[in-house]
Amino acid sequence: MRNTVIWCCLSILSTILIVGSCTNTYGEFDISQSPIGFLRGLNEVTVTFPTDVPNQTVRFKFKKKANAIRPQLKDALRFVKLNQGYKEVYKRDAYDCKQFAYNLFIDAQKENYEAGFVILRLKNESIGHAVAAIETADAGTLYVDFTPFMTKNDQQKHSQTVAFVKEGEPYIRIPLNSLSPNFTNSEADFKYFYEKVKMGEKEVKKYNELALSLEEQKKAVAAKIGKFNSKVGSGRIAAASQEAIQSEHEALQREVDDVNSRYDHLNFEEARIKSLYFFADWVGNTWVIESLKMLP
């Protein structure tokens, strides 16, 4: 049941390039350093990301939305839920976390929302990540990540998640359909979900151990049945042994019934774990945020 996550990552191992269109100036900065002084006063900012292809880059333009509003959390969540950008197919550089985040940022601006594009540097990782952000009037910054998950069959699964982003803390994603009705976008909301993830990891481990144990029991019962059928099929059973044979057959049948019952229970456990912990596709691949920058 344990699966991998497509974390479409930024090719920003050391630097990104910021270009101010109104001044024709440019400069490189490490994303752990503040670009605020450089960006001050620019009407439009262009960010250029390197890619895996030599001499090829991905470039996005950012411009603050004039007279943008800060929606209520419920309205921001409704907008995110209705947005169709999560349906895009992930492809490294061509359409990865950068594009998912950028296009959601643009859509939020079209809604006249105060929005941002957020670059994340991750601790002990040679990659970065990008998410979109919407500033709300009643619940702070709502971070949104449409980066798809990868299922255990190596298939992409669309993802509509909100995220917890704080320097020095684990990066936590909650699917929209797993949000509590009382969700307030607080740290406590995300930490509670994170604890459920950790509990679920333990349950998944226990489930896998039970599955392996059951497979061994199944093999043992099959071996007993094989020996029993061989003995019966030989035809060398005395009349006095018929009662013992019948007793052995009934005991074997009870073992078969027990194994089948355990399999039914295991299937029930799998369904329960998936529904409670969102483990059909992900079991908490934990990142820790080192630093973040929001544009524009």
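Residues numbered from 1 in each chain as written. Predicted model: local features only at pLDDT ≥ 70, side-chain atom pairs only at ≥ 80, totals over all residues. Heavy atoms only, no water.

Trainee: Could you clarify how one ought to interpret the pattern of salt bridges in this entry?
Mentor: Side chains bearing opposite charge may pair, as long as their charged atoms lie close to each other. Taken as a whole and judged by the stated rule, the model has 12 salt bridges. A salt bridge links Arg-78 to Asp-75; the nearest nitrogen and oxygen atoms lie 2.6 Å apart. One end of the pair is Arg-78 and the other is Asp-75, both in helix α2 (residues 73-82) and 3 residues apart, which spans about a single turn. Given a relative accessible area of 45%, Arg-78 falls into the partly exposed group. In this structure, Glu-187 engages Lys-166 in a salt bridge whose closest nitrogen and oxygen atoms are separated by 3.1 Å. Note that Glu-187 is positioned in helix α4 (residues 187-233) and Lys-166 in the loop between β10 (161-164) and β11 (170-175), a separation of 21 residues in sequence. Looking at Lys-166, the relative accessible area reads 36%, which means it is partly exposed. (Salt bridge = Lys/Arg side-chain N within 4 Å of Asp/Glu carboxyl O. Helix = DSSP H or I, 4+ residues; strand = E, 2+ residues; numbered from the N terminus. Buried < 20%, exposed > 50% of the residue type's maximum accessible area, 1.4 Å probe, protein only.)

Trainee: I would appreciate a short explanation of the sheet that holds strand β5 (residues 115-122) in the present structure.
Mentor: Across a sheet, paired strands are connected by hydrogen bonds in the backbone, their directions being either parallel or antiparallel. The antiparallel closed barrel is built from 6 strands, whose spatial order is β5-β6-β7-β10-β11-β12. The sheet shows a mean angle of 45° between the axes of neighbouring strands, direction not considered. Here β5 pairs with strand β6 (residues 128-135) via 7 bridges, running antiparallel. In the strand pairing of β6, Arg-121 is matched with Gly-128. In the packing of α4 onto the sheet, contacts are made with β10 and β11, and the angle to β11 comes to roughly 85°. (Pairing = 2+ DSSP bridges. Axes fitted to C-alpha atoms, helices over the stretch in contact; angles between N-to-C directions. Contact = heavy atoms within 4.5 Å.)

Trainee: It is not clear to me how the confidence of the model for the protein should be interpreted in this structure. Could you clarify?
Mentor: Where the model shows low pLDDT, its predicted coordinates should not be examined in detail. Mean pLDDT for the protein: 77, with 77% of residues reaching 70 or above. At the low end of the mean pLDDT range in the protein sits strand β2 (residues 25-29), at 29; at the high end sits α2, at 98. Contacts from residues 1-7, a stretch scored under 50 in pLDDT, to residues over four places away or in other chains number 39 contacts. Within the model, the stretch residues 11-41 combines pLDDT values under 50 with 72 contacts to residues more than four positions away or in other chains. (pLDDT = per-residue confidence, 0-100.)

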